[in-house]
Amino acid sequence: MGRERADVTLRELFGDLTLEVERCIRCGFCNSVCPTSLIESAFPPSRTSRGRLVLLQSVLSIGSPDPFTEKFKGLIDLCFGCTRCESVCPAGIPIPRIMQRYRHAYYSIRGKGKIRVAEMALANYHTVARIISRMSPLSRKLMAHQKFRSLLSCTLGIADDIPLPLPEGGTLDSRLRDLRVSDARFAYFADTFVRYVRPSIGLRLLSLLRSCGDSYVMPPQRDSGIVLLELGLLDELEAFMRFNVESLHNHVRQGRYIITTSPAATLMLRHEYPKLLGNQKSIEVSERVVDVHEYLSSQIEKGRLRTKAYYDGVLLHSTCFSQRLRLTALIEGILEFSGCEVMGVVTECCGMGGLWGMIRDNRRVSLESGRRLFERVRGQVVVSNSETCILQLNSVPSLTSVLPIDAITLAG
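Note that this is a predicted model, so its numbers are computed, not measured. All residue numbers refer to position in the chain's written sequence, counted from 1. Reporting in this predicted model follows two pLDDT cut-offs: at least 70 for local features of residues, and 80 or more for side-chain atom pairs to be given and counted; totals over whole chains, interfaces and linings ignore these cut-offs and use all residues. Values shown for side chains rest on all heavy atoms present in the structure; no hydrogens or waters enter the calculation.

Novice: What exactly am I supposed to notice about the sheet that holds strand 7 (residues 341-346) here?
Specialist: Strand-to-strand pairing in sheets goes through backbone hydrogen bonds, with the strands running parallel or antiparallel. Read from one edge to the other, the open sheet built from four strands follows the order 7-6-8-9, with strand pairing classed as parallel. Lying at the two open borders of the sheet, with one neighbouring strand each, are strand 7 and strand 9 (400-402). Recorded for the sheet is a direction-independent mean angle of 30 degrees between the axes of neighbouring strands. A contact between two residues is defined here by any heavy atoms of the two lying within 4.5 Å. Axes here refer to lines fitted to C-alpha atoms; in helices the fit is confined to the stretch in contact. Angles between the N-to-C directions go from 0 to 180 degrees. Helix and strand definitions follow DSSP, with helices as H or I runs of at least four residues and strands as E runs of at least two, each counted in order from the N terminus. Each of strand 6 (313-317), strand 7 and strand 8 (381-384) is contacted by helix 19 (residues 328-337), which is oriented at about 160 degrees to strand 7, the strand it contacts most. The sheet contacts of helix 20 (residues 363-377) involve strand 6, strand 7 and strand 8, and relative to strand 7 the element is tilted by about 155 degrees. Strand pairing is assigned whenever DSSP identifies at least 2 bridges connecting the two strands.

Pasting the structure below:
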């Protein structure tokens, strides 16, 4: 592809984000928080957060280098969308959105056939999880075996050294089949992990709500689409977003709030859907989203909730999305209220990047990015508000990691 054509094409495909790329002043603040910019292998400038933006600026200004090569995309793919850069960028540049739009542009030019097998498998995680959830207990047990994980590594390119998020069995939808609460205050957006992998989280949420005199209904829903967003599969994502917004908006019109237990779901519904769809319904849905920890904290303040902790003391992992959503202090308060001493708050990224760290080709960088965190928490009980951070942490020897909702229970 000629230099001039690469420039024109990238400008066309970037649209309004072209200006955002050009506004970068190359200060490097993003490098100071980017997990993949703080590792030894990132010393070459183009492997840092700033380096990626400089490359894109070069393409947009002089048409070089060619942005549609596998090497160029490999550099962009070092961004796994943790959003930490957005909090420190003095110009307020939405760096993760730029990287997502680049991937969309890349596939528009090179074709969807360039999507790696592992990426396609993770993009369809919602379908895979639904199918596995309906398998027999023996089948699910066999899938946890190391030989099966090695097979996935060879055939799909999934890392074989990390525990797979295998379903408990059954689905949340089936367990709540008889739930009929016409006056429920909340509609629950459970997302894929709770619906098909850990339905017990949804049941625990229901118990907590009922103890405060509340309840929820389960609206029809699809995956939040965060993996599709990170991969740049924006066309596929749009169908998911529109379905979810239409379904949830029906409940918003009835005066309900949308409660979530996944930080990824909270982030998508509250921030990404309105940006990407830009319609009134998505805005109205976003304004009614309540993260479970926001709810629990409010009920504690009102004296309506009594809980106790399963652990005397823990370290609290402030995840990337918890920081973005400002949930860390709320989680710490809930744990302390429940009688669990928070012995420290660790803020380093685990390097998992959602499901990015499950891809075999990304595994070395993923582990290198999380090494500082692993060294700090080894041998401890860690509470982390991320399903995928839990997977990463529990792959580290001599470490126990649980979600906040698994660290507490109702008292009395």
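Novice: Just to check I follow, could you spell out empty space enclosed by the protein for this structure?
Specialist: Over the atoms, a rolling probe the size of a water molecule traces out where space has been left empty. Points on a 1 Å grid, built from protein atoms alone, make a cavity when a 1.4 Å probe fits but cannot get out and make a pocket when they are open with protein on both sides within 12 Å along at least 5 of 7 lines; residues with an atom within 4 Å of a point are the lining residues. Grid points are joined across faces, edges and corners, and a volume is the space filled by probe spheres set on the points. Enumeration over the complete set of coordinates arrives at six cavities of 30 Å³ or more. Here the largest cavity is characterised by a volume of approximately 770 Å³. Looking at the largest cavity, it is lined by 43 residues, and the ones nearest its centre are Ile226, Val227, Gly353, Gly354 and Leu355. When residues of the lining of the largest cavity are traced back to their parent elements, those giving at least two are helix 6 (117-123), helix 7 (125-133), helix 11 (191-197), helix 13 (226-231), helix 15 (263-277), helix 18 (320-325) and helix 21 (387-393).

Novice: Explanation requested: the sheet that holds strand 3 (residues 257-260) in the structure shown.
Specialist: The strand order across the open sheet built from four strands is 2-1-3-4, with neighbouring strands paired in parallel fashion. In the strand order of this sheet, the two ends are held by strand 2 (216-217) and strand 4 (289-291), each with one partner. As paired elements, strand 1 (residues 186-189) and strand 3 share four bridges and run parallel to each other. By the bridge assignment, Ala187 is partnered in strand 3 with Ile258. Where helix 15 meets the sheet, it contacts strand 1, strand 3 and strand 4, and its direction lies at approximately 155 degrees from that of strand 4. Across the sheet, helix 17 (residues 292-301) lies against strand 1, strand 3 and strand 4, angled at about 75 degrees from strand 4, the strand it touches most.

Novice: Would you take a moment to explain the packing of helix 3 (residues 49-62) against helix 5 (residues 95-110) for this structure?
Specialist: When two helices pack together, their arrangement is captured by the angle between the axes and the distance separating the axes. Where helix 3 contacts helix 5, the axes come no closer than 11 Å and their chain directions differ by 55 degrees. One finds that helix 3 runs oblique with respect to helix 5. Crossing hand, helix 3 versus helix 5: left-handed. Taken together, the residues of helix 5 that come into contact with helix 3 (itself represented by Ser49, Arg52, Leu53 and Leu56) are Ile95, Ile98, Met99 and Tyr102. Angles are sorted into four bins: roughly parallel if under 35 degrees, roughly antiparallel if over 145, roughly perpendicular if 65 to 115, and oblique for all others. Put simply, a crossing is left-handed when the front helix is turned counterclockwise from the back one by less than a right angle, and right-handed when it is turned clockwise.

Novice: Is there a simple way to explain the packing of aromatic side chains in this structure?
Specialist: Here the distance between the centres and the angle between the planes together describe a pair of aromatic rings. Centres within 6.5 Å are what make two rings of Phe, Tyr or Trp a pair, Trp counting through its six-membered ring; a difference in plane orientation under 30 degrees is then read as stacked, over 60 as edge-to-face, and the rest as tilted. Counted according to the given criterion, the structure contains seven aromatic pairs. With a centroid separation of 6.2 Å and 40 degrees between ring planes, the pair formed by Tyr102 and Tyr106 is classed as tilted. Highlighted residues: Tyr102 and Tyr106, both in helix 5, separated by four residues, approximately one helical turn. Exposure is judged per residue with a 1.4 Å probe applied to protein chains only, and the accessible area is read against the type maximum: over 50% gives exposed, under 20% gives buried, and values in between give partly exposed. Relative accessible area serves as the criterion here: at 0%, Tyr102 is assigned to the buried category. A residue is classified by how much of its surface remains accessible, and Tyr106, at 1% relative accessible area, is buried. When the centroid spacing of 5.6 Å and the interplanar angle of 75 degrees are considered together, the rings of Tyr106 and Tyr107 count as edge-to-face.

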